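Coordinates in review
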Amino acid sequence: MKLGMIILPLLLGVSSGVGAPCGKDLTNPRGEFFSPLYPNNYPDNAYCIWRLLASERQTVNLTFTFVELEMCCDSIRVYDGPTEASPLLGHLPQDQRYHFNSMRNYLTVVFSSDHGITHQGFRAQWEFSVGAPCGGDLTNSSGEFFSPQYPNNYPNDTDCTWRLLASERQVVHLTFTFVDLEECCDSIRVYDGPSAAYPLLDQLPQDKIYHFSSTRNYLTVVFSSDSKGTRQGFQAQWDFSDKSPCGEDLTNPRGEFFSPQYPNNYPNDADCTWRLLASERQTVNLIFKFVELETCCDSIKVYDGPTDASPVLGDLPQDKIYHFNSTRHYLTVVFSSDSGIVHQGFWAQWVFSVGAPCSGDLTNSSGEFFSPQFPNNYPNNADCTWRLLASETQVVNLNFTFVDLEACCDSIKVYDGPTDAYPLLGRLPQDQRYHFISTRNYMTVVFLADISGTRQGFQAQWVFSDDTLCGGDLTKPRGEFFSPQYPNNYPNDADCTWRLLASERQVVNLTFTFVDLEMCCDSIMVYDGPSAAYPLLGHLPIDQRYHFKSTRNYLTILLSTDHSITHQGFRAQWEFSEPTTEPSSEALTPISVEAPCGGDLTNPSGEFFSPQFPNYYPNDARCTWRLLAPERQVVNLTFTFVTLETCCDSIRVYDGPNDTYPLLGRLTEDQRRHFSSTRNSLTVMFLSDNSINGQGYRAQWVFSEPTIESSTVPPEPTTEAPTPTSAPHPERSAGSPGPSVDPTNQESVGASCGGDLTNARGEFFSPQYPNNYPNNANCTWRLLASETQVMNLNFTFVDFETCCDSIRVYDGPTDAYPLLGRLPQDQRYRSTRNSLTIVFSSDSSVTRQGFRAQWVSAAPHPERSTGSPGPSVDPTNQDSVGASCGEDLTNARGEFFSPQYPNNYPNNANCTWTLLASETQVINLNFTFVDFETCCDSIRVYDGPTDAYPLLGRLPQDQRYRSTRNSLTIVFSSDSSVTRQGFRAQWVSAAPHPERSAGSPGPSVDPTNQESVGASCGEDLTNARGEFFSPQYPNNYPNNANCTWRLLASETQVINLNFTFVEVYDGPTDAYPLLGRLPQDQRYRSTRNSLTIVFSSDSSVTRQGFRAQWVSAVEAPCGGDLTNPSGEFFSPQFPNYYPHNASCTWRLLAPERQVVNLTFMFVHLEECCDSIRVYDGSNDTYPLLGILAQDQRHHFNSTRNSLTVVFLSDNSITGQGFRAQWVFSGAKTESTAKVEKEE
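Thresholds applied
- Residues numbered from 1 in each chain as written.
- Predicted model: local features only at pLDDT ≥ 70, side-chain atom pairs only at ≥ 80, totals over all residues.
- Heavy atoms only, no water.
- Helix = DSSP H or I, 4+ residues; strand = E, 2+ residues; numbered from the N terminus.
- Buried < 20%, exposed > 50% of the residue type's maximum accessible area, 1.4 Å probe, protein only.
- Contact = heavy atoms within 4.5 Å.
- Areas by Shrake-Rupley, 256 points an atom, 1.4 Å probe, with all protein chains shown as cover.
- Polar contact = N/O pair within 3.5 Å; in protein donor to acceptor, adjacent residues only side chain to side chain.
- Pairing = 2+ DSSP bridges.
- Axes fitted to C-alpha atoms, helices over the stretch in contact; angles between N-to-C directions.
- Core = buried A, V, L, I, M, F, W, Y, C linked by side-chain atoms within 4.5 Å.
- Phe/Tyr/Trp six-rings, centres within 6.5 Å; stacked < 30°, edge-to-face > 60°.
- pLDDT = per-residue confidence, 0-100.
- Salt bridge = Lys/Arg side-chain N within 4 Å of Asp/Glu carboxyl O.
- Disulfide = S-S within 2.5 Å.

Turning next to the overall build of the protein. Scanning the protein from terminus to terminus reveals two helices and 93 strands. Residue burial in the protein is summarised as follows: out of 1239 residues, 46% are buried. Across the protein, the fraction of contacts at a sequence separation of at least 24, relative to all contacts at a separation of at least 6, is 75%. Carbon and sulfur atoms form 49% of the exposed surface of the protein, whose accessible area is close to 58000 Å².

Relative to the elements of secondary structure, serine 438 occurs in the loop between strand 34 (435–437) and strand 35 (442–448). Only 2.8 Å separates the side chain of serine 438 from the backbone nitrogen of valine 396, close enough to count as a polar contact.

So, about the environment of isoleucine 412. Its place among the elements puts isoleucine 412 in strand 32 (residues 411–415). You can call isoleucine 412 buried: its relative accessible area is 0%. Residues isoleucine 412 and arginine 427 lie 15 residues apart in sequence; the distance between their C-alpha atoms is 5.6 Å.

Pairing between strand 46 (residues 599–601) and strand 48 (residues 622–628): three bridges, direction parallel. Directly across from leucine 601, in strand 48, lies its bridge partner leucine 627.

On to the sheet that holds strand 18 (residues 233–242), then. What the four strands build is an open sheet, ordered 11-18-13-16; its pairing is antiparallel. Pairing within the sheet leaves two strands with one partner each, and these edge strands are strand 11 (142–146) and strand 16 (211–213). If you compare each strand with its neighbour and ignore which way they point, the axes differ by 20 degrees on average. Pairing analysis gives ten bridges linking strand 13 (residues 170–180) to strand 18, with the strands arranged antiparallel.

With that settled, the discussion passes to the nonpolar core. Residues Phe481, Leu500, Leu510, Phe512 and Ile557 are the most contacted members of the largest nonpolar core, which totals 26 residues. When residues of this core are assigned to their parent elements, the largest contribution, four residues, is made by strand 45 (residues 569–577). Discounting chain neighbours no more than four positions away, the residues touching phenylalanine 512 are Ile524, Val526, Leu540, Tyr546, Phe548, Ile557, Phe570, Arg571 and Ala572.

What the rule picks out here adds up to 96 aromatic pairs. Considering the side-chain rings of phenylalanine 369 and tryptophan 462, the 6.1 Å spacing of their centres and the 50 degrees angle between planes classify their relative orientation as tilted. In this pair, phenylalanine 369 sits in strand 29 (residues 366–370) while tryptophan 462 sits in strand 36 (residues 457–466), placing the two residues 93 residues apart along the sequence. For the residue pair phenylalanine 369 and tryptophan 462, the accessibility class agrees, reading buried in each case. With centroids separated by 6.3 Å and ring planes inclined at 85 degrees, the aromatic side chains of phenylalanine 927 and tyrosine 961 adopt a geometry described as edge-to-face. Remark: tyrosine 961 occurs in strand 72 (residues 960–962) and phenylalanine 927 occurs in strand 69 (residues 922–931); sequence separation between them is 34 residues. Members of the aromatic cluster, joined through ring pairs, are Phe257, Tyr266, Trp274, Phe288, Phe324, Phe335, Phe346, Trp350 and Phe352.

The subject of this paragraph is the confidence of the model for the protein. Residues at a pLDDT of 70 or more form 83% of the protein, whose mean pLDDT is 80. This model gives residues 1–19 a pLDDT under 50, and the stretch forms nine contacts once residues within four places in sequence are excluded. Considering only residues more than four positions removed or in separate chains, one finds that residues 581–594, a stretch of pLDDT under 50, has 17 contacts.

What follows is about the pattern of salt bridges. Counted under the stated rule, the structure contains 22 salt bridges. Measuring nitrogen to oxygen at the nearest pair gives 3.4 Å for the salt bridge that ties arginine 552 to aspartate 528. Taken together, the positions of arginine 552 in the loop between strand 43 (547–549) and strand 44 (554–560) and aspartate 528 in the loop between strand 41 (523–527) and strand 42 (536–540) put the pair 24 residues apart, joining distant regions of the chain. Comparing arginine 552 with aspartate 528 shows no difference in burial state: the two are buried. Among the ionic pairs, arginine 698 bridges to glutamate 607, the shortest N-O distance being 2.3 Å.

Before going further, it helps to examine the environment of glycine 1105. Here glycine 1105 is to be found in the loop between strand 83 (1090–1096) and strand 84 (1107–1114). We classify glycine 1105 as partly exposed; its relative accessible area is 26%. Sequence separation between glycine 1105 and proline 1031 is 74 residues; the distance between their C-alpha atoms is 7.9 Å.

The next point concerns the sheet that holds strand 39 (residues 495–501). A sheet is described by the order of its strands in space; here five strands give the open sequence 37-39-44-41-42, paired in mixed fashion. Unpaired on one side and paired on the other, strand 37 (472–474) and strand 42 mark the two borders of the sheet. Here the average twist between neighbouring strands, direction ignored, is 15 degrees.

Once that is clear, we can look at the state of the cysteines. Linking two cysteines covalently through their sulfur atoms gives a disulfide. Scanning the entire structure with this criterion turns up 18 disulfides. For cysteine 520, the disulfide goes to cysteine 521, at an S-S distance of 2.1 Å. Its S-S torsion of about -95 degrees marks the bond between cysteine 520 and cysteine 521 as left-handed, since a negative value means left-handed. Across a sulfur-sulfur distance of 2.2 Å, cysteine 935 and cysteine 936 are joined as a disulfide pair. Judged by the torsion about the S-S bond (-95 degrees), the cysteine 935/cysteine 936 disulfide is left-handed.

It is worth spelling out unusual backbone geometry at this point. Put simply, tyrosine 38 and proline 39 share a cis peptide bond, and its omega is 15 degrees. Position of proline 39 among the secondary structure elements: in the loop between strand 2 (30–34) and strand 3 (47–53). With an omega of 5 degrees, the peptide bond between leucine 540 and proline 541 qualifies as cis. Secondary-structure assignment places proline 541 in the loop between strand 42 and strand 43. With a phi close to 75 degrees, glutamine 373 is a non-glycine residue in the positive phi region.

As a further point, take the side chain of serine 676. Tracing the backbone shows serine 676 in strand 52 (residues 674–676). Of note is the side chain of serine 676, whose polar atom sits 3.0 Å from the side chain of asparagine 636.

Now the structure itself:
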């Protein structure tokens, strides 16, 4: 009886309806259910089951909005299916998870309580949604799956898992064709196996990788979203394919691969290649986990690159190396077996990692770079080049903060310029110098490792700074200069030289107003002349002397700091003045009582000595003599006596006017006593250290004419050659091979190292030709034709050390112009302008006979015949430019071409033509022929005299242009790969349309219908066209300006706006979408009949501001709000083809109790990629009614008072677009209202 009393109340409580019922089948599209008796406490021993049953193409979204249960003993279980036998999605309250999504059209909820404590229970809401299910096992051979609710936004708190399960001998290929996730918080993870316990291949959207291939017959995809914002989600396609048995391209960020048939034995005669292809800024790490091969005959070879022509990193099983790191973003693995014994093979794993890259251009103002794989050991055979590229007025400061190299064989070389052809600043680890400062705005760092041991490498920091701070030539009559970084501390390892250069009859007065240096180790030295070879006037801080006066019109100041403590440095003032007395002749050259230390020697012969000779020379001497002969002579130098400290003191002889020219010899090392220059100067530098010294040297010189050969036939290369000072080549005989050369108008330069060659034709040679050229040569020849000519160059003989010496040909007057080629690859060249530069460099090792070259200048382009195609052009008033690479064209009409047209244009061209009409004219430009590499080369047309003006267009899209002012700029650029025939263009100057008022500057504007606003700060502009300006233009705009202009066209028009700086909004206020912010963008087009421009300035610096022009045009707009009861709208530019990358949104907004009827009368789109989407509401978060052209449905009715139409196009093919009509109709039907009420 007692038991009955307990059960009866429970049964009565559950079934009587006092509280909520205990379980049922729920089929409404949305609703709410509760624990029994809610909001009162649920009863003991409850066991309730709710089944949420959606229709077949729907899924169930369930959210618990309140949960309070006895933690230990009562529970809610959610199952992904129609029964408790379905997979368990969650267990409350333990899981603390309150949102669930079904993978199919069912969810089951089971609530149970024990006979102890009870609580208030739970409250839950559900909704059925049309969309893709959340997860599942996919076993078809191919197919497609989506994020839940796609193409609508996925729900919050989603956690879905798809398993792609192929048959045993297959792999899975997965491609994400659409991804739109909340980047911060939602993710897609792809795992290489049947669960998330297997290796992670990648995570979207962070990695931006959209294609995956499994290494086995499974892939797992996990999609997770958080409790905040959602997006449209993703669309993915898969297919299963037979596993590639022997090699493939591997692009996943990590994975594993095997020998064919592994773990069974590999077959005979296998030849398999795997390529591991990482993204550009990654490297490849490869580990062989298992290797068993026939040692004698089968092999695995690993190459550091994309092919087996790349350097070999290892050869298994011989090398016994099982771990490899690439120096770039590729590795190639080649497996080969013979026809004999076979074994189990190998198993390998790889991972792509973002590590210190090998090479790159570094343009940030400061930063850090490392050896490849740092802090791990760098790889063998590394060959890396970094270029530090500062702005034009800056220099590069480089500091190696860590260096650990194999001292014998690996190296870091630092060059003072943009390539390794520039002067070498230092070599690590040999030089033990860790700080470098460039003399220009570039520095190049080359890191080389051999095939043996490796170390940890290096770590380096750089900073760009103003180049005027560390040295320079100062020519103003007075001024002030400072130590670098003053008033902050100067840097370590600074080496700065200032030269104060007065006019010829003046002297220099110098005063240091502040000096703070490290006393022991840093110094300022002041020299009485234009270099440090002149007498030393003072040494700070030791001398404690702060005022200096030169004896001539120069002073040189050297600041040197070591790598330890730094101080604030110095501040100095100078002034040039007339000397109070004439300086003595003794003061005009650096002399002393004994033999002087350096000087310029210009007598035709003479003798000079080491300082203090015949007494011993002093310690720490640094003397430079320059032997300067007349222009067409050479210098012969003989040392008649030499006694130096062999280890440490030296005499160096350079073949030129300073020590940057080739080194001819070093005494006492090579004990060579006679030297002859290849030009009209020699430099002799004498250096002594601070230890033992000797008597020094005595030297004699004589200037002489270079010897001329007497034969009339050019000497062929022989072992019996003329002396290095002789001219190597006489005039050619009439029958000699090579170009026809006028002996009365040619240059023939043999032993000389470089020069300017201005004759119409001639021949030149490597230095000392036909003898071997010298070591360490660095020679530059410039071939200079008249302004309207180009140069043809032919190398008739070439013999040099190809590994290390080089000949480079540049298309212009310096080596900063485009590189046309490098020998020995090419031997014939043609310039695109009136100059060529040839640079010859040799290293310190092997030399060869060198080269012989001929040049001739020619007209750039043959005259057209009268019947040639092209425009009718007045030959008395036209420019016709063919081979030239850009110029200013001022004739009223004419034609110009790409360089070398009609031949292919060269690589690395960068040409600019400026078409300049008279002030009241505009220019019409027509490209009559265009053929170029569209991916990589370009032609751009700008509406003004430079490329800072608005871009009118880029070919090949447009071929006709008209300027809005009296100038056009055309810029042609080509890269270093494929070239084509180029282009041909015609121009003509004409009166602008409509006619300009006489003398009016600016665009072609109708003066009877235009607004021109200067100093005003914003207003409403309603004319069809006009111009407006920043306030106070053309003067600087004021501080704290905040101006708004509204451009208002008629209802069926859009607005085109062109200007140089401001923010532009697509509508009548700044609450509308921001179209752009200047100076990034300069051209705008509204999608409706208004534009808003907002200009703001702060309280600091001001500039001249902007000038802007607008014109209203009739055109189908891109989007807008449509509120008329009926009407028609079109794709942009209809009936012409719509533009690329269009993204247009129309909202059809009916009165509150009406609906929208929409019919597409015409649709012509690129089916694969462009689309029209129709949403049942006022934005694209409402249900999607259809997608055209896929659905081919042309009529739509809203269920409420609004429809949204979104049109999207990509950057490929376009079509004519669409035409659509709408009408608003009466209130919704009763049935529709009933459906909404039930929901």
